[in-house]
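Single-letter residue listing:
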Amino acid sequence: MADKLIIFDTTLRDGEQSPGASMTRDEKLRIARQLERLRVDVIEAGFAASSNGDFEAVKAIANAIKDSTICSLSRANDRDISRAAEALKGANNGRIHTFIATSELHMEKKLRMTPDQVFEQAKLSVRFARNLVADVEFSPEDGYRSDMDFLCKILEAVIAEGATTINVPDTVGYAVPELYGQFIKTLRERIPNSDKAVWSVHCHNDLGMAVANSLAGVKLGGARQVECTINGLGERAGNCSLEEIVMAVKTRKDYFGLEMNIDPIHIVAASRMVSQTTGFVVQPNKAVVGANAFAHASGIHQDGVLKARDTYEIMRAEDVGWSANKIVLGKLSGRNAFKQRLQELGVLLESETELNAAFTRFKELADRKSEIFDEDILALVSEESVTQDKEQYAFVSLAQHSETGERPSAAIVFTVSGKEVHGKSEGNGPVDASLKAIESIVESGAEMVLYSVNAISGSTESQGEVTVRLQNSGRVVNGVGSDPDIIVASAKAYLSALNKLQSKADRVAAQG
Ligand code: KIV
Ligand code: ZN
């Protein structure tokens, strides 16, 4: 049988832990569908016990996704594990991923537990989880900085209790490739029952080595599962990025000799979806999914690629889903053409109502913008999913005035729980005036910690995509809005961020 590498995606759990990256249930469901299309083996859908919102998201994904295994994280205690099992009930294949910290630092300072207590709790938790589901993963948090003897003892015990996957996190991104690979190898060699579990790597990118460390864990250590996220999304410097791992293993099959289930043609669409949903823009020079990843600017390179593609290209852009930014539709395009293009882009709208609403918005956009690119369509449908969520705040219209030497002003109309409200304000610039006009009604008191504008498809005729990051009472959220008018895009992004702040507040309230 072919030697297989399992791809475990944790965009919806570890990725979402990144400040500002929180997603609604429907956004998570949409991304989960894209991950299923990508043929990811395991989707970590959330941390069911952490909030009612997360519980509902895991449950919805477990009910909807049938090809991938659906996993929920849980701390090593009965309550968390029961909650995870409850959320996973509808899954074809459900996995509980339970963890407890094992490094001296974490046990003593964070958990305030002795190693013996941690050992007992890990064993009992895996035993409890195995009584609820057949597929149980165990992670010693901060595993890479843990004492080797203690780690061997605890991992041997949890495998004996029935853990089917053992994941070794480099929680703080401290590892270097050779040492991490050797670490996994030593564990597998020293633990007598190590062959009873699949070994997994989980690396953070604090020193920019998450992908290299994960590959070393696979090649030198013999791990056969990699935990990763789309675009490397994750806390601090992020997690190991899925697109880089997948394309490294695929492009260098001569070296790794491993098979994967992944269908890379859906990588770029997944990357855009995650970026547009979370507001985390992909850097242009990011491997595989960055806008420049396949662009050749120097004359020598262009000449070489025209003569023989493989002079400067080791992968084909179209294999990962880049279609050459072509004009796809215009105002004469019909509903069927629109629907077909959505299918080609891997976007599945849940119902005819959703398709009709998206098509109406497409027509409105086509009236204002003669050339509609793939990026426009993707922005339009991700915004459509936000409006479908029946959010508290929704944009209606905006008028603003700015002239050299005069203080800009704006008048905005939006709905609050379906009821129209009108706000007015002046500001330092038209964007500032528009956002202040919203605040004159909402009075959220939120602090703006980031504002960024991007042209979705290059030219000034392009739609602007705005990301707004707000912070309030310790919560950080990103809102994204797009429109050919960047002031309108800014107002939409601001309202979207307010909606997310609201939904986070609801989640916290529901938990309490
Ligand atoms: O980084 C980490 O240690 C984790 C564990 C919970 C697996 O994300
Ligand atoms: Zn992690």
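By convention here, each chain's residues receive numbers from 1 onward along its written sequence. Note on labels: chains are lettered from A, ligands numbered from 1, in written order. Owing to the predicted nature of the model, reporting of local features is limited to residues with pLDDT of at least 70; listing and counting of side-chain atom pairs is limited to 80 or more, with chain, interface and lining totals taken over all residues. Side-chain measures were taken over the full set of non-hydrogen atoms in the model, leaving aside hydrogen atoms and water.

Student: Help me understand the overall build of the protein, please; the structure alone is not making it clear to me.
Tutor: What counts as a helix is a DSSP run of H or I of at least four residues, what counts as a strand is a run of E of at least two, and both are numbered from the N terminus. A tally of helices and strands in the protein yields 18 helices and 16 strands. Taking 24 Å as the expected radius of gyration for a compact globule of 512 residues, we find that the protein reaches 24 Å, a close match to that expectation. Its C-alpha atoms give the protein principal-axis dimensions of roughly 75 × 65 × 45 Å. Working definition: with a 1.4 Å probe on protein chains only, accessible area under 20% of the residue-type maximum means buried, over 50% means exposed, and in between means partly exposed. By residue count, 56% of the 512 residues in the protein fall in the buried class. Here a residue-residue contact requires only that any non-hydrogen atoms of the pair lie within 4.5 Å. Restricting the contact set of the protein to residue pairs at least 6 apart, pairs at least 24 apart contribute 66%. In this description the radius of gyration comes from C-alpha coordinates, and the expected globular size is given by 2.2 Å times residues to the power 0.38.

Student: Looking at this structure, how should I read the pairing of strand 15 (residues 464–472)?
Tutor: It is a general feature of regular strands that their side chains alternate between the two faces of the sheet. Burial analysis of strand 15 places 8 of its 9 residues in the buried class, which makes it a mostly covered element. Strand pairing is defined by DSSP finding a minimum of two bridges between the two strands. The pairing of strand 14 (residues 447–455) with strand 15 spans 8 bridges and is classified as antiparallel. Bridged to Leu450 within strand 15 is Arg469. Strand direction decides the pairing type here: strand 15 and strand 16 (residues 475–483), joined by 9 bridges, are antiparallel. Note on strand 16: the bridge partner recorded for Asn472 is Arg475. The hairpin formed by strand 15 and strand 16 contains 2 residues between the paired strands, and Ser473 there has a positive phi angle of roughly 45 degrees.

Student: When you look at the pattern of salt bridges in this model, what are you seeing that I'm missing?
Tutor: Pairing between side chains of opposite charge can happen when their charged atoms approach one another. We count a salt bridge whenever a side-chain nitrogen from Lys or Arg sits within 4 Å of a carboxyl oxygen from Asp or Glu. Scanning the model with the defined rule gives 36 salt bridges in all. Residue Lys492 pairs with Asp483 through a salt bridge whose shortest N-O separation is 3.1 Å. Summarising the burial analysis for this pair, Lys492 and Asp483 share the class buried. A single network of salt bridges, built from pairs that share partners, joins Arg309, Glu313, Arg316, Glu318 and Asp319.

Student: Teacher, can you tell me more about the site of ligand 1 here?
Tutor: The local shell around ligand 1 consists of Arg13, Asp14, His97, Phe99, Ser139, Glu141, Asn167, Pro169, Thr171, His202 and His204. Contact between ligand 1 and Arg13: an oxygen atom at 3.0 Å from a side-chain N or O atom of the residue. Between ligand 1 and His204 there is a distance of 3.0 Å, counted from an oxygen atom to a side-chain nitrogen or oxygen. Per-residue accessibility takes into account occlusion by the displayed protein chains alone, with areas from the Shrake-Rupley method and a 1.4 Å probe. Against a free-state accessible area of 260 Å², the protein chains account for coverage of 94% of ligand 1. Contributions of two or more residues to the shell around ligand 1 are made by helix 1 (11–15), strand 4 (94–101), strand 5 (135–141) and strand 6 (165–170). Here the shell around ligand 1 is composed, by residue class, of 2 nonpolar, 6 polar and 3 charged. Any residue with a heavy atom positioned within 4 Å of a molecule or strand is treated as near that molecule or strand. Distance and chemistry together define a polar contact, namely a pair of N or O atoms within 3.5 Å, with one atom able to donate a hydrogen and the other to accept it when in protein, and with adjacent residues in sequence counting only for side-chain atoms on both sides. Throughout this entry, Asp, Glu, Lys and Arg are counted as charged residues, while Ala, Val, Leu, Ile, Met, Phe, Trp, Tyr, Cys and Pro are counted as nonpolar. The remaining residues, Gly among them, count as polar.

Student: Help me understand the sheet that holds strand 5, please; the structure alone is not making it clear to me.
Tutor: The strands making up a sheet are joined through hydrogen bonds of the backbone, oriented either antiparallel or parallel. Read around the barrel, 8 strands follow the order 1-2-3-4-5-6-7-8 and close on themselves; strand pairing throughout is parallel. Direction aside, the axes of adjacent strands within the sheet are offset by 25 degrees on average. Packing against the sheet, helix 3 (residues 52–64) makes contact with strand 2 (42–46) and strand 3 (69–75), and its axis sits at approximately 150 degrees to strand 2. What counts as an axis is a line fitted to C-alpha atoms, over the stretch in contact for a helix, and the angles between N-to-C directions run from 0 to 180 degrees. With respect to the sheet, helix 8 (residues 177–190) is in contact with strand 6 and strand 7 (198–203), its orientation differing from that of strand 7 by roughly 155 degrees.

Student: Just to check I follow, could you spell out the sheet that holds strand 15 for this structure?
Tutor: Sheet architecture is open: 3 strands sit in the order 14-15-16, paired in antiparallel fashion. Each edge of the sheet is formed by a strand with only one pairing partner; in this case those strands are strand 14 and strand 16. Shown here is a sheet whose adjacent strand axes are inclined to one another by a mean of 15 degrees, direction ignored.

Student: How should the nonpolar core be read in this particular structure?
Tutor: The biggest cluster of nonpolar side chains holds 93 residues, and the ones touching the most others in it are Leu155 and Leu187. Viewed by domain, this core spans two of them, domain 1 (6–278) and domain 2 (292–320), each represented by three or more residues. Contacts of Leu155, omitting those with residues within four sequence positions, involve Phe138, Pro140, Ile166, Leu187, Ile191 and Trp199. For this analysis, a nonpolar core means a set of buried residues of the types Ala, Val, Leu, Ile, Met, Phe, Trp, Tyr and Cys, connected via side-chain atoms within 4.5 Å. Ranked by size, the runner-up nonpolar core spans 23 residues in total, among them Val421, Ala489, Ala493 and Leu498. Domain borders in the structure are assigned automatically or taken from a domain database.

Student: Teacher, can you tell me more about the pairing of strand 2 here?
Tutor: The buried fraction of strand 2 is high, at 5 of 5 residues. Alignment of strand 1 (residues 6–9) against strand 2, held across 2 bridges, turns out to be parallel. What sits directly across from Phe8, in strand 2, is Val42. For strand 2 and strand 3, the ladder comprises 4 bridges, and the chain directions are parallel.

Student: How should the confidence of the model for the protein be read in this particular structure?
Tutor: When pLDDT drops low, the exact placement of atoms in the prediction is not to be read closely. Every residue gets a pLDDT, meaning the predictor's confidence in that residue, from 0 to 100. Predicted confidence across the protein gives a mean pLDDT of 91, with 95% of residues reaching 70 or more. Low pLDDT, under 50, characterises residues 508–512; the predicted model gives this stretch 4 contacts beyond four residues in sequence or across chains.

Student: Any chance you could explain the coordination of the zinc ion (ligand 2) here in plain terms?
Tutor: Put simply, a metal with four donors set out as a tetrahedron has ideal angles of 109.5 degrees, and one with six donors set out as an octahedron has ideal angles of 90 or 180 degrees. Metal-coordinating donors are taken as N, O and S atoms lying within 2.8 Å of the metal, or within 3.2 Å when the metal is Na, K or Ca; because water is left out, some sites can appear incomplete. Distances from the zinc ion (ligand 2) to its protein donors, Asp14 (OD), His202 (NE2) and His204 (NE2), fall at 2.0 to 2.2 Å. Written as a sequence motif, the donor arrangement for the zinc ion (ligand 2) is D-x187-H-x1-H. Of this pair, Asp14 sits in helix 1 while His204 sits in the loop between strand 7 and helix 9 (210–219), and the two are 190 residues apart along the sequence.

Student: I'm lost on helix 12 (residues 267–278) in this one. Help?
Tutor: Residues three or four positions apart in an α-helix share a direction because the helix packs 3.6 residues into each turn. When the terminal C-alpha atoms of helix 12 are compared, their 17 Å separation across 12 residues agrees well with the 16 Å that a helix rising 1.5 Å per residue should span. A large share of helix 12 lies buried, amounting to 12 of its 12 residues. Just past helix 12, the residue Gly279 takes up positive phi, approximately 80 degrees. Here, expected helix span is obtained from the residue count minus one, scaled by 1.5 Å.

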